[in-house]
Amino acid sequence: MPNTREPGPNSNRETAAPRVLIADDEELIRTGFRLILTSRGIEVIGEAADGVQAVAEAERLRPDVLLMDIRMPRLDGLEAAKRVLRLLPHCRVLMLTTFDLDRYVYAALAAGASGFLLKDVTAAHLAAAVRLVNTGDALLAPSITRRLVERYATTHEADQAGPARHPATAPTAPRTASIHRDLAALTPREREVLALMGRGLSNTELAEALTLSEATVKTHVARIFAKLALRDRAQAVVLAYETGLVTPGSSTAE
């Protein structure tokens, strides 16, 4: 059945309160997050206690944001997130992890997750994060996410045993890699903006670095997303590293 409710990329997500589905195998976590979000005017439309249930509930309820624990019973959170994003391409998936160096975080971002949160997040940060990923305007904790991308984009090797490769073990571009053909659609300025996004810069920081207005930066970012079919800045960061536009440890765009 076609998804008639799913919003398009130009939907006004910035003003509407996001509808959230919480998927975590710990009831205490689900209850706590529900109380935090509802007390701040964010509607929690459902809960799931395992990955299989998360996919089913997401398909049934069609949330704007899915809070998904990375480690889930029956079906792990990474695979569940991938299935949800195939069903609901405009849903934003925010992964939950206990440790900020969880080995699956890079794979989650590469699979399409919009960011991640530590489970000991403050109430204010949780609510702000949900609203943030709902707009797709900024990447959560860019410095931490960039560190994880740098680490796993270079340390994981391709699995040569079969055609189905885990995103975290997919081959990545070496330092001498040429720009991926998909980036040919970008103007030199857009490529520069993408490289700086890959280093974790916010729109405000981009504007300062490039001596542009924030409105102009937002226009560049929107065009990059459209040309490369990116969902949000999390995907932009992953793409910047995987194409070799930015390399681990680099301080300037290449």
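Everything below is about the structure shown above.
All of the points below concern the structure found in this document.

Definitions and cut-offs
Residues numbered from 1 in each chain as written. Predicted model: local features only at pLDDT ≥ 70, side-chain atom pairs only at ≥ 80, totals over all residues. Heavy atoms only, no water. Buried < 20%, exposed > 50% of the residue type's maximum accessible area, 1.4 Å probe, protein only. Helix = DSSP H or I, 4+ residues; strand = E, 2+ residues; numbered from the N terminus. Pairing = 2+ DSSP bridges. Right-handed = clockwise from strand over helix to strand, strands pointing away. Arc of directions from axis to C-beta. Contact = heavy atoms within 4.5 Å. Core = buried A, V, L, I, M, F, W, Y, C linked by side-chain atoms within 4.5 Å. Polar contact = N/O pair within 3.5 Å; in protein donor to acceptor, adjacent residues only side chain to side chain. Axes fitted to C-alpha atoms, helices over the stretch in contact; angles between N-to-C directions.

## Some thoughts on the pairing of strand β1 (residues 19-23)
Where burial is concerned, most of β1 is hidden: five out of the five residues are buried. Sheet analysis places β1 next to strand β2 (residues 43-48), joined by five bridges and oriented parallel. Of the residues in β2, the one forming a bridge with alanine 23 is alanine 48. In terms of handedness, the path from β1 via helix α1 (residues 27-39) over to β2 forms a crossover that is right-handed. Across four bridges, β1 lies against strand β3 (residues 65-69) in parallel orientation. The residue of β3 that forms the bridge with alanine 23 is methionine 68.

## A few points about helix α8 (residues 203-210)
Buried within α8 we find Asn203, Leu206, Ala207 and Leu210. What you see down the axis of α8 is that its buried residues fit within an arc of 100 degrees, all on one side. On its buried side, α8 packs onto α7 (188-198), α9 (214-228) and α10 (233-242). One or two residues past the end of α8 sits threonine 211, with phi positive at roughly 55 degrees.

## Comments concerning the nonpolar core
Core analysis: the largest hydrophobic core is formed by 26 residues, its most contacted members being Ala23, Leu66, Met68, Val84, Val93 and Met95. Contributions of two or more residues to this core are made by β1, β2, α2 (51-61), β3, α3 (77-87), β4 (92-97) and α4 (105-111). For this core, the element with the most residues is α3, which contributes five residues. Listed in part, the 24 residues of the second largest apolar core include Leu183, Leu206, Leu228 and Ala240.

## Thoughts on the pairing of β3
If a strand is regular, its side chains alternate between the two faces of the sheet. Among the five residues that make up β3, five are buried, leaving the element largely enclosed by the rest of the structure. The side-chain alternation of β3 yields two buried faces, one formed by Val65, Leu67 and Asp69 and the other by Leu66 and Met68. Here β3 runs beside β4; their pairing, made up of five bridges, is parallel. Bridged to leucine 67 within β4 is leucine 94. Read from β3 through α3 to β4, the crossover connection turns out right-handed.

## Details of unusual backbone geometry
Positive phi outside glycine occurs at threonine 211, with the angle close to 55 degrees. Mapped onto the elements of the fold, threonine 211 is located in the loop between α8 and α9. At alanine 229, a position not held by glycine, the phi torsion is positive, near 55 degrees. Tracing the chain through its elements places alanine 229 in the loop between α9 and α10.

## Description of α3
Listing the buried residues of α3 in full gives Gly77, Leu78, Ala80, Ala81, Val84 and Leu85. Looking down the long axis of α3, one finds its buried residues gathered within 160 degrees of arc, a one-sided arrangement. For α3, the capping residue at the N-terminal end is aspartate 76, with a side-chain oxygen 2.9 Å from the backbone nitrogen of leucine 78.

## Some details on the sheet that holds β1
Either a parallel or an antiparallel arrangement is found when strands of a sheet pair, and the pairing is made through backbone hydrogen bonds. A sheet is described by the order of its strands in space; here five strands give the open sequence β2-β1-β3-β4-β5, paired in parallel fashion. Because the sheet does not close on itself, it has two edges, and the strands there are β2 and β5 (115-118). Each strand of the sheet is rotated relative to its neighbour by a mean of 25 degrees, with strand direction disregarded. Set on the sheet, helix α5 (residues 123-135) makes contact with β1, β3, β4 and β5; between it and β4 the angle comes to about 145 degrees.

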